[in-house]
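Results of the structural survey
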Amino acid sequence: MKQFFNFCAVAVFIFTVLCSCAGNPPKDERELAEKAFADAEIGKDCDREDYLAAEELLRQAREEINNKNYDKAKELFNAVKEKSDAIAKYYREHPDECMKKDNGNANGEDDGTIKEENVDSTDAADPSVDPKNPDMDFQVVHFEYNQYTVLEEDLPKIDLMAQWMMNFPERVVRIEGHADERGSNDYNLSLGEKRALEVKNKLIQAGIDGERIKIVSYGEELPVDPASNEEAWFKNRRAEFKREN
Amino acid sequence: MSVHFRLITLSAVIFTCFNLLAQLQVEVKDGAVAEYNMAVSPLAVLDGADAAKASEISSAVEKVLDITGYFKILDKKSFLEKPETAFKAVNFKAWLDVGANGLIKGTIKGKDEVELELAFFDVAKGKTLIQKKYSSKAALAKKSAYRFAAEVIKLLTGEEMNFMFSKIAFVEKTGEKYSLVVTNFDGSGRKELYSTSKTILLPEWSADGSKIFFTSHEKNNPNLYSYDMKSSQIKTVSAYEGLNVSASAYPDNKTIALCLSKDGNSEIYSLDTTTGELKRLTVNAEIDAAPSVSPNGKEIVFVSGRSGNPQIYKMSLEDLNKVERLTEQGNYNQDPEYSPDGTKVAFSGRDEKYQFDLFIIDLSSRQISRITQNQGKNESPTFSPDSKVIGFSSNRSGKSRLFLSNISGTRQIAVYSGQGEVLMPSWSPAETN
């Protein structure tokens, strides 16, 4: 250990004083572990305890990397991979059993552990936003005043809906377009229509068959908040996903 | 005593009115607020006539004169002379003392069969200008009074007005319930034609006043329907996927312009309601909506977002390439409505204070005049058949109500006090019954 420490000290790396590192970061092991863990997600509701354990190991491994304890990290990454592979393997061998467990097992108590690389930044374990859950909450996306471009931060919601529609190919959805109370009723009907259509087009771009997407505009008729202020108007400028079948 | 009128611009009409008023001296002061003070005496109730009917009739006369903006209606409480005084025995001094320029007096006789006698006097000259006797069933007595009021207006201003003989259709929203309602021009005589918890939107009369077009989400798609005033039947007019909204009647009484989104965007089409033949009128990637057909059927005005924000455009129906933008000021102009005389277009626009107000474009001078200001949200302008009065919805006093305004915007009154919110009014053609 000592000679390694000395070696580190003379090196021109910026990591200096508190470093108790051992060799180089285990890059390959980390990549393999993270990929395996991502693959294991599909079986997480099937083998929940192991999945959470793998998640915790991954977290520890990343922490050890930060602490430059590369040997320890390598060990942990290997353990993550082993556990994750086992989960994925179990899922592949017992898909029916895992699907059934989807609902009952899921809960939202494990927030704030690891942020996955999913663009939607939603907690994948929460059934209300789990695209594998047939009863997933349908999303609402918002727009700027007089605009029909979906707000950037709401785009992941459309991706989530697209994933859900991929998972449940027999389902047909309806997108309801709405406007805030400002402006004339007829123009707002057109604006609501444009908004619904915009969302529909995004789903089609994501690979969903347009035949499975109905749209309807309600203009300014169905506000979620009847108040006349910016906050209410923001809430009311929206497109809502609804179940058609 | 001279007679004053508030007049924004001198027009040919006013010069005509000089001639008509040989016996009245009209003093025109540019922009000056000076009104003609009219005293409408309560009617003398004779021969078992209904006192309530009598007061209904005198208020009807007052309301008609009032909404033109040309008259100041004097307060009855100040009147010194009794209603029973005979036409021949009028003490003009007593009316001069209360500030009257003109006086309307009358008698009503009979309960079911009503005889109504009305007279209009020039107070300063002590002269009878109009005297008329009307006999009818009681239900029509108010209409007789309207005829009389129209004659008084004609005599004093030279303007032919018939708004008092027409109706207004609108949507009344009470909680979740939408009702299609028709009232007389003054908000009286409410008749509910249809109601639903789904929407009722954008009612619009057919050219002959026999039908009202409207849109509803009854079948979960905004389809266009027509309500037949005689048979009360509702028929589906247009049910393409997407929008079927904003019907506006051509004068041929069978074609309508409307907004459909079946081709992937809000566009304006014409539809022959007898054959179902459809013709697309606009082609633009942005929203085109809210058509209003000119009274000669040769043009439409509509809203388009083609410049980046909603503006009012005019398009020739004989040459669809002839499109002209009518509004340059403001960045949110909507809801255009052609006046039945073809000279003006009313619209609602968002002003610098982000309020929605009503404006009128004079099509020959292209001048834009303002009707409302600092009075809440004012929307859905609709012209009376004589183009003299504008109906609209305004939330200036809390909930959205039906308002009438004269063309210059100097006189605005709320005329309906139902339970719900009044939205999207549409004025009928003349004489629908």
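Overview of the structure.

What counts and what doesn't
- The residue numbers shown here count from 1 along each chain, following its written sequence.
- Lettering for chains starts from A, numbering for ligands starts from 1, and both go in the order in which the items are written.
- With the structure being a predicted model, the display of local features is reserved for residues of pLDDT at least 70 and the display and counting of side-chain atom pairs for 80 or more, all residues being used for whole-chain, interface and lining totals.
- In computing side-chain values, all of the structure's heavy atoms are included and hydrogens and water are not.
- As a rule, the C-alpha atoms of each element are fitted with a line to give its axis, helices using only the stretch in contact, and angles between N-to-C directions run from 0 to 180 degrees.
- Helical segments are the DSSP runs of H or I of at least four residues, strand segments are the runs of E of at least two, and each set is numbered from the N terminus.
- With respect to orientation, any angle under 35 degrees is reported as roughly parallel, any angle over 145 as roughly antiparallel, any angle of 65 to 115 as roughly perpendicular, and every other angle as oblique.
- Crossings are assigned a handedness: left-handed for a near helix turned anticlockwise from the far helix by less than a right angle, right-handed for a clockwise turn.
- Whether two residues are in contact is decided by their heavy atoms, any of which lying within 4.5 Å being enough.
- In this classification, the charged set is Asp, Glu, Lys and Arg, the nonpolar set is Ala, Val, Leu, Ile, Met, Phe, Trp, Tyr, Cys and Pro, and all remaining amino acids, among them Gly, are polar.
- Only protein chains enter the accessibility calculation, which uses a 1.4 Å probe; a residue whose area is less than 20% of its type maximum is buried, one above 50% is exposed, and one in between is partly exposed.
- Should DSSP find at least two bridges between two strands, the strands are taken to pair.
- In short, buried area is how much 1.4 Å probe accessible area vanishes from two parts on joining, totalled over both.
- What makes a salt bridge here is a side-chain nitrogen of Lys or Arg within 4 Å of a carboxyl oxygen of Asp or Glu, nothing more.

Quick word on the packing of helix H2 (residues 27-40) of chain A against helix H4 (residues 70-93) of chain A
Residues and elements named next belong to chain A.
- For the pair H2 and H4, the least separation of the axes is 8 Å and the interaxial angle reads 25°. Relative to H4, the element H2 lies roughly parallel. Seen along the crossing, H2 lies across H4 with a hand that is left-handed. Judged by residue contacts, Glu 29, Arg 30, Leu 32, Ala 33, Ala 36, Phe 37, Asp 39 and Ala 40 of H2 engage Lys 74, Phe 77, Asn 78, Val 80, Lys 81, Ser 84, Asp 85, Ile 87 and Ala 88 from H4.
- Partitioned by chemical class, the residues of the contact of H2 with H4 number nine nonpolar, two polar and six charged.

Points about the pairing of strand E21 (residues 299-304) of chain B
Residues and elements named next belong to chain B.
- Counting buried positions over the six residues of E21 gives five, a clear majority of the element.
- Note that strand E20 (residues 288-293) and E21 share four bridges and pair antiparallel. When the sheet's bridge partners are listed, Ser 292 is paired in E21 with Val 301.
- Sheet analysis places E21 next to strand E22 (residues 311-316), joined by six bridges and oriented antiparallel. Bridge assignment links Ser 304 to a residue of E22, and that residue is Gln 311.

Description of the pairing of E22(B)
Residues and elements named next belong to chain B.
- For E22, the tally of buried residues reaches six of six residues, placing the bulk of the element in the interior.
- Of the two faces of E22, the one lined by Gln 311, Tyr 313 and Met 315 and the one lined by Ile 312, Lys 314 and Ser 316 are each fully buried.
- Linking E21 back to E22 in an antiparallel pair, the connection comprises six residues, with Gly 308 at a positive phi of about 110°.
- The pairing of E22 with strand E23 (residues 323-325) spans three bridges and is classified as antiparallel. In the sheet register, Lys 314 faces E23, and the bridge partner there is Glu 324.
- Taken together, E22 and the strand that follows it, E23, pair antiparallel across an intervening segment of six residues.

Some thoughts on the packing of H2(A) against helix H3 (residues 48-66) of chain A
Residues and elements named next belong to chain A.
- Orientation of H2 relative to H3, taken along the N-to-C sense of each, is 155°, at an axis distance of 11 Å. In terms of orientation, H2 and H3 fall into the roughly antiparallel class. In this structure, the crossing between H2 and H3 has a hand that is left-handed. Across from Arg 30, Glu 34, Phe 37 and Ala 40 in H2, the residues of H3 making contact are Tyr 51, Ala 54, Glu 55, Leu 58, Arg 62 and Ile 65.

Notes on the sheet that holds strand E2 (residues 173-178) of chain A
Residues and elements named next belong to chain A.
- One open sheet accounts for four strands, arranged E1-E4-E2-E3; its pairing is mixed. Either end of the sheet is taken by a strand with one partner, and the two such strands are strand E1 (140-142) and strand E3 (213-219). Strand-to-strand, the axes of this sheet are offset by a mean angle of 20°, without reference to chain direction.
- Note that E2 and E3 share six bridges and pair parallel. Following the sheet pairing, Arg 174 is matched in E3 by Lys 214.
- Across the sheet, helix H6 (residues 155-167) is in contact with E1, E2, E3 and strand E4 (238-243); its angle to E1 comes to roughly 150°.
- Of the strands in this sheet, E1, E2, E3 and E4 are in contact with helix H7 (residues 185-205), which crosses E3 at around 155°.

Quick word on the interface of chain A and chain B
- Counting residues at the interface gives 21 residues for chain A, matched by 37 residues for chain B.
- Interface area, chain A with chain B, both sides summed: about 2400 Å², of which 53% is carbon and sulfur.
- Its largest share of buried area at the contact with chain B, chain A owes to A:Asp186, A:Tyr187 and A:Glu221, together 25% of the area lost on that side.
- Taken together, chain A and chain B are joined by one salt bridge.
- Ionic pairing is found between A:Glu181 and B:Lys377, a salt bridge with its closest N-O pair at 3.9 Å.
- Breaking the side of chain A that touches chain B down by element, the ones donating at least two residues are H7 and E3 of chain A.
- Element by element, the count of residues in the side of chain A that touches chain B is highest for H7(A), at nine residues.
- A class-by-class count of the residues in the side of chain A that touches chain B yields eight nonpolar, six polar and seven charged.

A look at the pattern of salt bridges
Residues and elements named next belong to chain A.
- A complete count under the given rule lists 47 salt bridges over all chains for this structure.
- Its salt-bridge partner being Lys 202, residue Glu 198 comes within 3.7 Å of it at the nearest N-O pair. One end of the pair is Glu 198 and the other is Lys 202, both in helix H7 and four residues apart, which spans about a single turn.
- Under the relative-accessibility criterion, Lys 202 is labelled partly exposed at 25%.
- A cluster of three or more residues bridged by salt bridges with shared partners is formed by Arg 174, Glu 176, Arg 238, Glu 240, Lys 242 and Glu 244.

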